[in-house]
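Per-entry structural report
One-letter residues, chain by chain:
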Amino acid sequence: MAVWSCQPTASDMPAGNATKEKTEAPQQLTSPEEVTAALEARWSLDDIKTYCIPERRVNPMCQNLVTDVGVTWKGTLYEDVPTGFTTIKWYGTAVDGGLYEYSLNVSRGDSSWNLEIGNVESFARRPNVAPDPSGQCFIGSAPPEKQETDDTVAPGFVAPLKREPLKPE
């Protein structure tokens, strides 16, 4: 007759130098309203203002989130608060009734910023509110010969990247 025990044996116990795994489950966000509230808690208005400098405007050559799975959700942050921005919006996808992935975007006039593309696990980390503006998905990273100024852009801003016309082959 065999007797099974629920007591761990010495070999089941972690060694003194073993790294503890994170056992906390990711936050469950089951409605667009919950996602909006969580993003407002994640991104303060001061953090958004810190991020949204001219050099960090989104490079139009970079791909934003494509909602090709599940159901599309969307929302607006700080809806009834004067923010100084035209919009602070997010959109994303929900799978099995919960947030799967999202993109948080800000606009003011002709300028736009993509603050982050993330998923439920992103909420476990602090947002990067001051990334290096030389990153490839920022307009500030365009080489000077690919930047131009024009009258439609506020002083201190550069216009989006110049694109060469498509040449038929």
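Now for a description of the structure that goes with this document. (Residues numbered from 1 in each chain as written. Predicted model: local features only at pLDDT ≥ 70, side-chain atom pairs only at ≥ 80, totals over all residues. Heavy atoms only, no water.)

Digging into the pattern of salt bridges
With the rule as written, the count across this model stands at one salt bridge. Here Arg-42 and Glu-116 are joined by a salt bridge, their closest N and O atoms 2.8 Å apart. One end of the pair, Arg-42, is in helix H1 (residues 32-42); the other, Glu-116, is in strand S4 (residues 111-119), with 74 residues separating them in the sequence. Assigned by exposure class, Arg-42 and Glu-116 land together as buried. (Salt bridge = Lys/Arg side-chain N within 4 Å of Asp/Glu carboxyl O. Helix = DSSP H or I, 4+ residues; strand = E, 2+ residues; numbered from the N terminus. Buried < 20%, exposed > 50% of the residue type's maximum accessible area, 1.4 Å probe, protein only.)

Topic: the packing of aromatic side chains
Inspection of the entire model under this criterion finds four aromatic pairs. With 6.1 Å between their ring centres and 65° between their planes, Tyr-51 and Phe-138 make a pair best called edge-to-face. One end of the pair, Tyr-51, is in helix H2 (residues 45-51); the other, Phe-138, is in the segment after S4, with 87 residues separating them in the sequence. Pair check on accessibility: Tyr-51 and Phe-138 agree, each one buried. (Phe/Tyr/Trp six-rings, centres within 6.5 Å; stacked < 30°, edge-to-face > 60°.)

Considering unusual backbone geometry
The phi dihedral of Tyr-78 is positive, around 50°, even though this residue is not glycine. Among the secondary structure elements, Tyr-78 is positioned in the loop between strand S1 (71-76) and strand S2 (87-95). The class of Tyr-78 is buried, set by a relative accessible area of 15%. Even without being glycine, Asp-96 reaches a positive phi, approximately 55°. Tracing the sequence through the fold places Asp-96 in the loop between S2 and strand S3 (98-108). By relative accessible area, which is 83% here, Asp-96 ends up exposed.

That's the geometry; what it means functionally is another story.
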